[in-house]
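Coordinate analysis (summary)
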Amino acid sequence: SGSFLGTFYDLSDSTISTLERGVLGISLDPDFSVNHYIYVYYNHFYNNDERIRILRFTESANTGTNPVVIFDLPAFDTIHGHVGGNLHFRPSQPNHIYFTIGDLLYQQTDPALNYANKITNPFGKVLRIKKDGSIPTDNPFYDDGNALAANCDWIWSYGHRNPFDFCFSPVNDSLYCSENGMFYWDEVNLISKGLFYGWAQCEGNYMNSSNTSLCNDPSAQLPITDFGAPLPAVTGILFYSGTTWSSLNNHLLVADNNNGNIYDCTLGNPPFYNVVTNRALLGDMTI
């Protein structure tokens, strides 16, 4: 109880914070009251070595102790961006961490070369590991237990350009993900295990770099809502379920980076909530 002002743990000597990098996500272990574990997703940089990492800390007296690296990935060609996302626990899977990584901004107009549409690498993906860092054998492309050989065993879904954030519905356990497009379309996707979400063949409901030619890839899962140019750069996303703001119950709230807006996305087709029936800017609200 009470408040705490101070530094939980200082990562400033080993973190890079340019071009969408930095400390990207923080999540408490679902069993925090027992183990006091806190997980931090960040872009590690030390001695010219850049890596994408998840650290597990043990909280003690409001400070982080005993840092343990549970996920460590060389960042490869990260000169431009799309190097991270966020991490969250799924309500139905308290022993698994989901997290996102962008496509490293690599070969944006050439689907044959872009990383996101290939299951042999972790970039442009929603990923899933156990909270001890090991790989769940029921991940959709699990083959040999080596995530960087043959199939990338971490993958949960693929074909994402720059998935900044995602959330889980406490009502039906669905996963919703925000994604930045390139020229014409930002997206919100409803994510299912093992499916392909279009990039780099498609952007929004259209072909890569187009706002006139519809996506013609039959394997691509299209977004449940998209945001046209000028792109807002959608980031934070939350499924609201509660009584404080009853008018927002079972709505998605989506924030953007470029304009500072929050979008109220009304979800339809209960209990699946797999379509957006209306979208509006969220105005001032009285509690």
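Preceding block: the structure.
Bear in mind that the values here come from a model prediction, so they are computed numbers and not experimental data.

**Quick word on the overall build of the protein**
Regarding its fold elements, the protein presents one helix and 18 strands. Projected onto its principal axes, the C-alpha coordinates of the protein cover approximately 55 × 50 × 35 Å. Across the 287 residues of the protein, 51% fall into the buried class. Carbon and sulfur atoms make up 51% of the accessible area of the protein, which amounts to about 12,900 Å² in all. A distance of 6 Å separates the average location of the 13 positive side-chain charges in the protein from that of its 28 negative side-chain charges.

**Re the side chain of asparagine 117**
Along the polypeptide, asparagine 117 turns up in the loop between strand 6 (93-101) and strand 7 (125-130). Since its relative accessible area comes to 15%, asparagine 117 is described here as buried. Polar contacts involving the side chain of asparagine 117 include one to the main-chain carbonyl oxygen of proline 111, which spans 2.8 Å. Within the structure, asparagine 117 has its side chain in polar contact with the side chain of glutamine 201 (distance 3.1 Å). Apart from the residues within four sequence positions on either side, asparagine 117 is in contact with Pro111, Tyr158, Phe196, Trp199, Ala200 and Gln201.

**Notes on empty space enclosed by the protein**
This model, assessed by the stated rule, comprises one cavity of 30 Å³ or more. Looking at the largest cavity, its volume works out to about 30 Å³. Taken together, Glu187, Tyr197, Gly198, Cys202, Gly204, Ala220, Gln221, Leu222 and Pro223 make up the lining of the largest cavity. Tallied by class, residues from the lining of the largest cavity come to five nonpolar, three polar and one charged.

**Concerning the pairing of strand 5 (residues 87-90)**
Of the pairings in the sheet, the one linking strand 5 to strand 6 comprises four bridges and is antiparallel in character. When the bridges of strand 6 are listed, leucine 87 appears paired with phenylalanine 99.

**Concerning the environment of asparagine 62**
Examined against the element boundaries, asparagine 62 turns out to sit in the loop between strand 3 (49-60) and strand 4 (63-74). A residue is classified by how much of its surface remains accessible, and asparagine 62, at 38% relative accessible area, is partly exposed. Along the sequence, asparagine 62 and tryptophan 245 sit 183 residues apart, while their C-alpha atoms lie 32 Å from each other.

**Some thoughts on the nonpolar core**
Core analysis: the largest hydrophobic core is formed by 29 residues, its most contacted members being Ile52, Ile54, Phe71, Ile97, Phe99, Ile101 and Trp154. Contributions of two or more residues to this core are made by strand 2 (37-46), strand 3, strand 4, strand 5, strand 6, strand 7 and strand 8 (155-158). Discounting chain neighbours no more than four positions away, the residues touching phenylalanine 99 are Tyr41, Ile54, Phe71, Asn86, Leu87, Lys125, Val126, Leu127, Arg128, Ile129 and Phe166. Counting 15 residues, the second-largest nonpolar core is a separate cluster that includes Phe227, Val234, Cys265 and Val276.

**Some remarks on the sheet that holds strand 4**
Strand order across the open sheet formed by four strands is 1-2-3-4, with antiparallel pairing between neighbours. The open sheet has two edge strands, strand 1 (23-28) and strand 4, and neither has a second partner. Taken over all neighbouring pairs, the strand axes of this sheet differ in orientation by 25° on average, direction set aside. Pairing geometry for strand 3 and strand 4, over nine bridges, is antiparallel. Paired with arginine 56 across the strands is valine 68, a residue of strand 4.

**Considerations on unusual backbone geometry**
A cis amide bond links tryptophan 199 with the next residue in sequence, alanine 200, at an omega value of 15°. Along the chain, alanine 200 turns up in the loop between strand 11 (185-191) and strand 12 (202-203). Of note, the amide linkage connecting proline 270 to proline 271 takes the cis form, showing an omega dihedral of 5°. You will see that serine 209, though not glycine, has its phi angle at about 70°, which is positive. Relative to the helices and strands, serine 209 resides in the loop between strand 13 (206-207) and strand 14 (225-228).

Definitions and limits used
- Residues numbered from 1 in each chain as written.
- Predicted model: local features only at pLDDT ≥ 70, side-chain atom pairs only at ≥ 80, totals over all residues.
- Heavy atoms only, no water.
- Helix = DSSP H or I, 4+ residues; strand = E, 2+ residues; numbered from the N terminus.
- Buried < 20%, exposed > 50% of the residue type's maximum accessible area, 1.4 Å probe, protein only.
- Areas by Shrake-Rupley, 256 points an atom, 1.4 Å probe, with all protein chains shown as cover.
- Lys, Arg positive; Asp, Glu negative; His and termini not counted.
- Charge placed at Lys NZ, Arg CZ, Asp CG, Glu CD.
- Polar contact = N/O pair within 3.5 Å; in protein donor to acceptor, adjacent residues only side chain to side chain.
- Contact = heavy atoms within 4.5 Å.
- 1 Å grid on protein atoms, 1.4 Å probe; cavity = no way out; pocket = protein on both sides within 12 Å on 5 of 7 lines; lining within 4 Å.
- Points joined across faces, edges and corners; volume = space filled by probe spheres on them.
- Nonpolar A, V, L, I, M, F, W, Y, C, P; charged D, E, K, R; others polar.
- Pairing = 2+ DSSP bridges.
- Core = buried A, V, L, I, M, F, W, Y, C linked by side-chain atoms within 4.5 Å.
- Axes fitted to C-alpha atoms, helices over the stretch in contact; angles between N-to-C directions.

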